[in-house]
Structures are given as structure tokens and as C-alpha cells.
Amino acid sequence: MAQQTPNYDESIVPPLSLPDLFVSQKGIPIRSVDTWENERRPELLALFATEVYGQLPTDFDKISFVEKKVESHLYESVAQMQEITIKVERNGNAVNINLFVFKPKEVRGSLPVVLLISHRKVSELIENVEDKFFAIEDIVSRGFAAAVFDVEDVSPDDKNRFSHGILDQLYPEQLQMSDGMRGLGAWAWGAMRAMDYFESNADFETEKSMVVGHSRGGKAALWCGANDTRWTITVSNESGCGGAALSKRKYGETVERINTSFPFWFTDNFKQYNSKEESMPFDQHMLLSLISPRGLYVASSKDDQWADPKGEYLSLLNAARVYSELYNSPQDLPKIFNPDVNTNHLSSIGYHLREGEHDLSAYDWERFLDFAEMKFSALK
Ligand code: GTR
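Naming follows an unreviewed UniProt entry, where the chain appears as 4-O-methyl-glucuronoyl methylesterase-like domain-containing protein of Mongoliibacter ruber.

Here is the structure:
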């Protein structure tokens, strides 16, 4: 079947009809935190697992951490860089994830921690001081520990090699399942193992933790934050299709396009929605809502039309209803998306739309860190 050319014309976006967050699959109206947390949230999580990201197995036989101090003189405010080998064993096989952690010089008590899920090589990010994709200096100078791992360690970002990590070694049965774990799920799983490490070490204050991902990494960060409530804040930077953006708008990247270019990111089940977004019994506002009432930040950039900034905003606006209507955490996000204005919003939900292209920039980090400071200081 020929693929459609991507649509960037707002006038032919289908009228938005989103599945209702506040009615359960059995038709029960969801009006309380109790029914949300015990009925609706679990069924939505299960729906995303079955249809989109796959199962997220958390069983293994053993996890261990080997810490190695590495000298780094590249960064003024960094006292110490550590490389931690996280070794996870299951059924006689093992996988190692290399987690890099930068700690500030000035440390008072345990550290709030920021983790980036990276699909770029970590050595490149570290050595290139000017590159703000992982803004080490900016994060550390504000008193946070900055951590990063390369998704390559858990599931290579490659159609032919994605299973050469935890899927082949730890969870081979997942590969046989139409709703089995695939690439994005594996990356989320990797971030969860980093959290296991932070929890094991008193240097970190995991009640003050933020998981960040850009684009494909943002999709994984959202799936991680939806499942793993240990993260205080989840940040999606320009995650687009299969991330924060609503699929039913069919604007920019579509379900068919992403399933064709990156079939190994999602379950086999997700392919049934190629060119059939209207038949999806869910949309991405539901994924965002699973992070409530914890901190959620969605960022977009104006020239990143492929990721559909408007679709990301509308998704966030709909998810915000769970914060305001169920958790009594009022949101004042503007009701209408304005593509021309640099918007910047901080409450229990953070949002910005910035000038420029698809990237993770110093500006983005500054805003995420403002949000984290605001949220974390309220916890004191
Ligand atoms: C694109 C892909 C997007 C997004 C992006 C990225 O090629 O279509 O979904 O993930 O890559 O990760 O930068």
C-alpha cells in the first residue's frame, strides 16, 4: 500500500474526537481519585501495553551495581564523574547497562537526580562541552546529579539489531508475543533500572527525580513515567507521534509512517492502526494522563512540524483534566493553542513552545530545571 504524503494543512485535519478519559471500558463514569487509580488507570496502562509499547516485564533474578570513578576535568562544576555498570541477570543470562553520573562540587545532603534517556552516543555528549543535548554543566551547577545511559545498551536503535540486548538475553519470550516488549519499552525498562540504582544509593534523593527524553527518547520517557511512579517528574521533549502528540490528528508523522520506518519500536499489534487512527480506542492524551498527579512537562518547538506541536498541546490540555478535575490541582494552560507565541507554563504541568527546530537545547534544559526546582522545593 502506498504511503500517504504527510499532512501539514490544518484545514484537512479531521475533527477531533477523542476517547473519553473519564469513562471506563465497562462504561463506569470516573469521578474520583479512587476509581481513577483502581479502575481507569490500570486499564489504560494495560491498553497501551497491549496495543502500543508492549509488556514491561520487571522480573529478573538479580541486579548489581559496580561503581567506577572517572576523572573529568571538562566541566567546571562537576566534582566527579562515575560510570556505573548495572548488571541485570535472568535465567542464567546477563546484560550490562553503563550509567554515567555527574555530581556537583557543592553537595549538601542527598542529591536530586535528572536522567536522560539518550539515543546518541554518551561519549560524544560528554566530550563535546558545547553540545547542550545533555547539558551537564547546566544541570550540575544547579545542584542536581546528571545521569545518562545510551539505549544501545538495552536495545540498539536499529531494525536488525534491536533484540541484541535485553530482548535476546533476558526476555526472549517477549519477541514471540504480538504485545511483547520492543525497542521503546526496552528503553523505558533501562531507565527503571537506573532508578533501581539511585534507590540503592543514599547519595540520591529519589523523591526528587526527573526522567527526560528527546523525541524517540521522549516516547520512552513517557512510557517509563506512566509505569514507574518512582519518578517525580517526567519530561517529553518533542516526542511527537507515539509520544505526546495525538495520533488522530494525522498531522506530520502518522502511525503508518512510524510503523514503517521504525517497526521495532512498537508492538506488532500497533500495526493494525496504520491509516486507521480513527479506530484507535485510545490516544496519546491518555498516556500523558497516566503520569498524573506527578510532575509532567511537555515541550515543543515551532519548526518541528513533523512532531505536531499543536497535537502535543491538545494532548496535554486533555490530560490536564485529570490533574484539575480529579486531583484538584487546577491548571491554567491556555485553552487555545497559539502557534505564534512562545508559551511557557509552570504548575503541576510544565509546558513550553520555543522557536526553532527539532532538538534538545540549552533553553529546553533551563525550563525543565526551573520546573524541577519549583516542584522539588514544594516537597521540602
Ligand atoms: C524521526 C522519527 C520521530 C522521532 C525522531 C527523533 O525520524 O520519525 O518519531 O523519533 O526521529 O527521534 O529524533
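## A closer look at the packing of aromatic side chains
In this structure the tally under the stated criterion is 26 aromatic pairs. Taken together, Phe 48, Tyr 53, Phe 162, Trp 187, Trp 223, Phe 262, Phe 264, Trp 265, Phe 266, Phe 270, Tyr 273 and Phe 282 form an aromatic cluster joined through their ring pairs. A cation sits over an aromatic face here: Arg 120 above Phe 133, 4.8 Å from the ring centre.

## Overview of the UniProt feature "domain: 4-O-methyl-glucuronoyl methylesterase-like" (unreviewed entry) in the chain
According to UniProt, the positions carrying the feature "domain: 4-O-methyl-glucuronoyl methylesterase-like" (unreviewed entry) are residues 86-326. Overall, residues 86-326 shows 32% helix and 22% strand. The separation of its end C-alpha atoms is 38 Å.

## As for the pairing of strand β5 (residues 145-150)
Judged by how many residues are buried, β5 sits mostly within the fold: six of six residues are covered. The alternating pattern of β5 places Ala 145, Ala 147 and Phe 149 and Ala 146, Val 148 and Asp 150 on opposite faces, both of which are buried. Two elements, strand β3 (residues 93-104) and β5, share four bridges in a ladder whose sense is antiparallel. Within β5, the residue paired with Phe 102 across the bridge is Ala 146.

## Regarding the site of the ligand
If you check the shell around the ligand, you find Ser 215, Arg 216, Lys 219, Glu 253, Ile 258, Phe 262, Trp 265, Trp 306 and His 358 and nothing else. Within the side chain of Arg 216, an N or O atom sits 2.5 Å from an oxygen atom of the ligand. Between the ligand and the protein, one listed contact pairs an oxygen atom with a side-chain N or O atom of Glu 253 at 2.5 Å. For the ligand, whose free accessible area comes to 310 Å², the fraction covered by protein is 81%. Residue composition of the shell around the ligand, grouped by class: four nonpolar, two polar and three charged.

## Here's the deal with the nonpolar core
With 89 residues, the main nonpolar core has Leu 99, Trp 189, Phe 198 and Trp 223 as its most contacted residues. In terms of residue count, helix α5 (residues 183-200) provides more of this core than any other element does, eleven residues in total. Those residues within four positions of Phe 198 in sequence are excluded, and the remaining contacts are Leu 99, Val 101, Val 113, Ala 147, Phe 204, Thr 206 and Trp 231. Counting residues in each nonpolar core, the second largest holds 32 residues, with Met 81, Val 122, Met 210 and Val 212 among its members.

## Here's the deal with α5
The terminal C-alpha atoms of α5 lie 26 Å apart, and with 18 residues this matches the ideal 26 Å at 1.5 Å per residue to within 8%. The element α5 is largely enclosed, with a buried count of 16 among its 18 residues.

## Remarks on the environment of Ala 186
Considering the arrangement of structural elements, one finds Ala 186 in helix α5. Assessed through its relative accessible area of 0%, Ala 186 is described here as buried. Put simply, Ala 186 and Arg 216 are 30 residues apart on the chain and 12 Å apart in space, counted from C-alpha to C-alpha. Contacts of Ala 186, omitting those with residues within four sequence positions, involve Val 154, Ser 155, Ile 166 and Met 181.

## Overview of the side chain of Arg 90
Tracing the backbone through its elements, the reader meets Arg 90 in strand β2 (residues 78-90). Here Arg 90 is in contact with Asp 59, Phe 60, Asp 61, Gln 169, Leu 170, Tyr 171 and Glu 173, once residues within four sequence places are set aside.

## Some points on the side chain of Ser 301
For Ser 301, the position within the fold is in strand β8 (residues 295-301). A residue is classified by how much of its surface remains accessible, and Ser 301, at 1% relative accessible area, is buried. Engagement of the side chain of Ser 301 in a polar contact is seen with the backbone oxygen of Gly 356, the distance being 3.3 Å. At 3.1 Å, the side chain of Ser 301 and the backbone oxygen of Glu 357 are in polar contact. Not counting chain neighbours up to four residues away, the residues in contact with Ser 301 comprise Glu 238, Pro 309, Leu 353, Arg 354, Glu 355, Gly 356, Glu 357 and His 358.

Cut-offs and rules
Residues numbered from 1 in each chain as written. Predicted model: local features only at pLDDT ≥ 70, side-chain atom pairs only at ≥ 80, totals over all residues. Heavy atoms only, no water. Phe/Tyr/Trp six-rings, centres within 6.5 Å; stacked < 30°, edge-to-face > 60°. Lys NZ or Arg CZ within 6 Å of the ring centre and 35° of its normal. UniProt positions renumbered as here; feature names shortened; annotations may be inferred. Helix = DSSP H or I, 4+ residues; strand = E, 2+ residues; numbered from the N terminus. Buried < 20%, exposed > 50% of the residue type's maximum accessible area, 1.4 Å probe, protein only. Pairing = 2+ DSSP bridges. Near = heavy atom within 4 Å. Polar contact = N/O pair within 3.5 Å; in protein donor to acceptor, adjacent residues only side chain to side chain. Areas by Shrake-Rupley, 256 points an atom, 1.4 Å probe, with all protein chains shown as cover. Nonpolar A, V, L, I, M, F, W, Y, C, P; charged D, E, K, R; others polar. Core = buried A, V, L, I, M, F, W, Y, C linked by side-chain atoms within 4.5 Å. Contact = heavy atoms within 4.5 Å. Expected span 1.5 Å × (residues − 1).

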